[in-house]
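One-letter residues, chain by chain:
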Amino acid sequence: MTSAPTRIAILFSGTGTNLRNLAAHINAPHVPATLELAICNRPDAKGLDFCRENNIPHELIDHTNYSDRAEFDAAMHAALQAANIELICAAGFMRLLTPEFVQHWEDRILNIHPSLLPAYKGLHTHRRVLEARDTSHGCTHGCTVHLMRPEMDEGPILVQKQVDVLPDDTEDTLAARVMAQELIAYPEALDMMLARLRG
Ligand code: GAR
């Protein structure tokens, strides 16, 4: 049984809705964790403003400054090691990570994906669900929090939340309903992992 709070890093690339939500959850007094670092790979990401305004330790590691994925991942790995990170939450982090990086952090990186995995891996999930009006999945959609593995959007599932696809849904209305579930799913999955890691 560990008593020191678990040291968490969040990786993000964009708006940072999940970043904000996770930051609030981690900072809640009953959660045995601390947000030690946020890493972003895009200088124009809105989530960076949230970090600046809320004094969240953060690093911009712009992937365009690195010649390949291995170099970029090495820079991220160094930042995570320097902050003694124990658990990583990828929250809208839109870069594929090298197998070496993922294996090094195996069972210590969570990822959120806006679909009911294994359906709709990859990008533009809401659009693709609407295009397919996929009856094989009962016209449902949703989100998944899972442990990251080297293959994209693969890995043991921790939490899934389902939403119905409505006849008049647009990409935006569907995305908003899925996001509402993401904001419930990620804290739940994080709590599960913290309970597992802390025994
Ligand atoms: C979220 O919907 C998340 O599930 C998705 O990116 C969005 C980020 O939004 N992640 C992926 O597609 C990863 N494959 P946010 O920055 O506002 O949290």
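Residues numbered from 1 in each chain as written. Predicted model: local features only at pLDDT ≥ 70, side-chain atom pairs only at ≥ 80, totals over all residues. Heavy atoms only, no water.

**A look at the overall build of the chain**
Logical step 1: Assigned secondary structure in the chain consists of six helices and seven strands.
Logical step 2: In the chain, the succession of α and β elements from N to C terminus is β-α-β-α-β-α-β-α-β-α-β-β-α.
Logical step 3: For 199 residues, the compact-globule estimate of 2.2 N^0.38 gives 16 Å, and the C-alpha radius of gyration of the chain, at 17 Å, lies within 12% of that figure.
Logical step 4: With respect to the principal axes defined by its C-alpha atoms, the chain has extents near 50 × 40 × 35 Å.
Logical step 5: Counting over 199 residues, the chain shows a buried share of 48%.
Logical step 6: A separation of at least 24 residues holds for 65% of the contacts in the chain among residues at least 6 apart in sequence.
Logical step 7: Carbon and sulfur atoms make up 52% of the accessible area of the chain, which totals about 9,600 Å².
Logical step 8: One way to put it: in the chain the 17 positive side-chain charges average out to a point 2 Å from where the 26 negative ones average out. (Helix = DSSP H or I, 4+ residues; strand = E, 2+ residues; numbered from the N terminus. Rg over C-alpha atoms; globule rule 2.2 N^0.38 Å. Buried < 20%, exposed > 50% of the residue type's maximum accessible area, 1.4 Å probe, protein only. Contact = heavy atoms within 4.5 Å. Areas by Shrake-Rupley, 256 points an atom, 1.4 Å probe, with all protein chains shown as cover. Lys, Arg positive; Asp, Glu negative; His and termini not counted. Charge placed at Lys NZ, Arg CZ, Asp CG, Glu CD.)

**Observations regarding the packing of helix H1 (residues 17-27) against helix H6 (residues 171-198)**
Logical step 1: Look at H1 against H6: their axes get within 10 Å of each other, and the N-to-C directions meet at 40°. As summarised for this structure, H1 and H6 are arranged oblique, according to the angle between their axes. In this structure, H1 meets H6 at a crossing whose hand is right-handed. Facing H1, whose interface residues are Thr17, Asn18, Asn21, Leu22, His25 and Ile26, H6 presents Met179, Glu182, Leu183, Tyr186, Pro187, Leu190 and Asp191. (Axes fitted to C-alpha atoms, helices over the stretch in contact; angles between N-to-C directions. Parallel < 35°, antiparallel > 145°, perpendicular 65-115°, else oblique. Left-handed = near helix turned anticlockwise from the far one by under 90°.)

**Side note on the nonpolar core**
Logical step 1: Residues Ile8, Ile10 and Leu110 are the most contacted members of the largest nonpolar core, which totals 42 residues.
Logical step 2: Sort the elements by how many residues they give to this core and H6 lands first, with eight residues.
Logical step 3: Those residues in contact with Ile10, other than ones at most four positions away along the chain, are Leu19, Leu22, Ala23, Ile26, Leu35, Leu37, Ala38, Ile39, Cys89 and Ala91.
Logical step 4: Judged by nonpolar contacts, the second largest core, of 21 residues, contains Leu11, Ile39, Phe93 and Met148. (Core = buried A, V, L, I, M, F, W, Y, C linked by side-chain atoms within 4.5 Å.)

**Section: the UniProt feature "active site" (unreviewed entry) in the chain**
Logical step 1: Taken from the UniProt record, the annotation "active site" (unreviewed entry) applies to His113.
Logical step 2: Taking relative accessible area as the criterion, His113 reaches 4% and is therefore assigned buried.
Logical step 3: Beyond its immediate sequence surroundings of up to four residues, His113 is in contact with Tyr120, Lys121, Gly122, Thr125, Gly142, Cys143, Thr144 and Asp153. (UniProt positions renumbered as here; feature names shortened; annotations may be inferred.)

**Structural notes on the side chain of Asp62**
Logical step 1: With respect to the element layout, Asp62 can be found in the loop between strand E3 (58-60) and helix H3 (69-82).
Logical step 2: At 7.8 Å, Arg42 is the nearest oppositely charged side chain to Asp62, a buried residue that forms no salt bridge.
Logical step 3: At 2.7 Å, the side chain of Asp62 and the side chain of Thr64 are in polar contact.
Logical step 4: Excluding its chain neighbours within four sequence positions, the residues that come into contact with Asp62 are Asn41, Pro43 and Phe72. (Salt bridge = Lys/Arg side-chain N within 4 Å of Asp/Glu carboxyl O. Polar contact = N/O pair within 3.5 Å; in protein donor to acceptor, adjacent residues only side chain to side chain.)

**Details of the packing of aromatic side chains**
Logical step 1: If you walk through the whole model with that rule in mind, you get two aromatic pairs.
Logical step 2: Judged by centre distance (5.9 Å) and plane angle (70°), the ring pair of Tyr66 and Phe72 falls under edge-to-face.
Logical step 3: The ring of Phe72 is capped by Arg95, whose NZ or CZ atom sits 5.4 Å from the centre of that ring. (Phe/Tyr/Trp six-rings, centres within 6.5 Å; stacked < 30°, edge-to-face > 60°. Lys NZ or Arg CZ within 6 Å of the ring centre and 35° of its normal.)

**Topic: the pairing of strand E4 (residues 87-90)**
Logical step 1: Every second residue of E4 is oriented toward a common face, with Leu87 and Cys89 on one face and Ile88 and Ala90 on the other, all of them buried.
Logical step 2: Here strand E1 (residues 6-12) runs beside E4; their pairing, made up of four bridges, is parallel. Across the sheet, residue Ile8 finds its bridge partner in E4, namely Leu87.
Logical step 3: Where E4 meets strand E5 (residues 109-113), three bridges bridge the pair, whose relative direction is parallel. (Pairing = 2+ DSSP bridges.)

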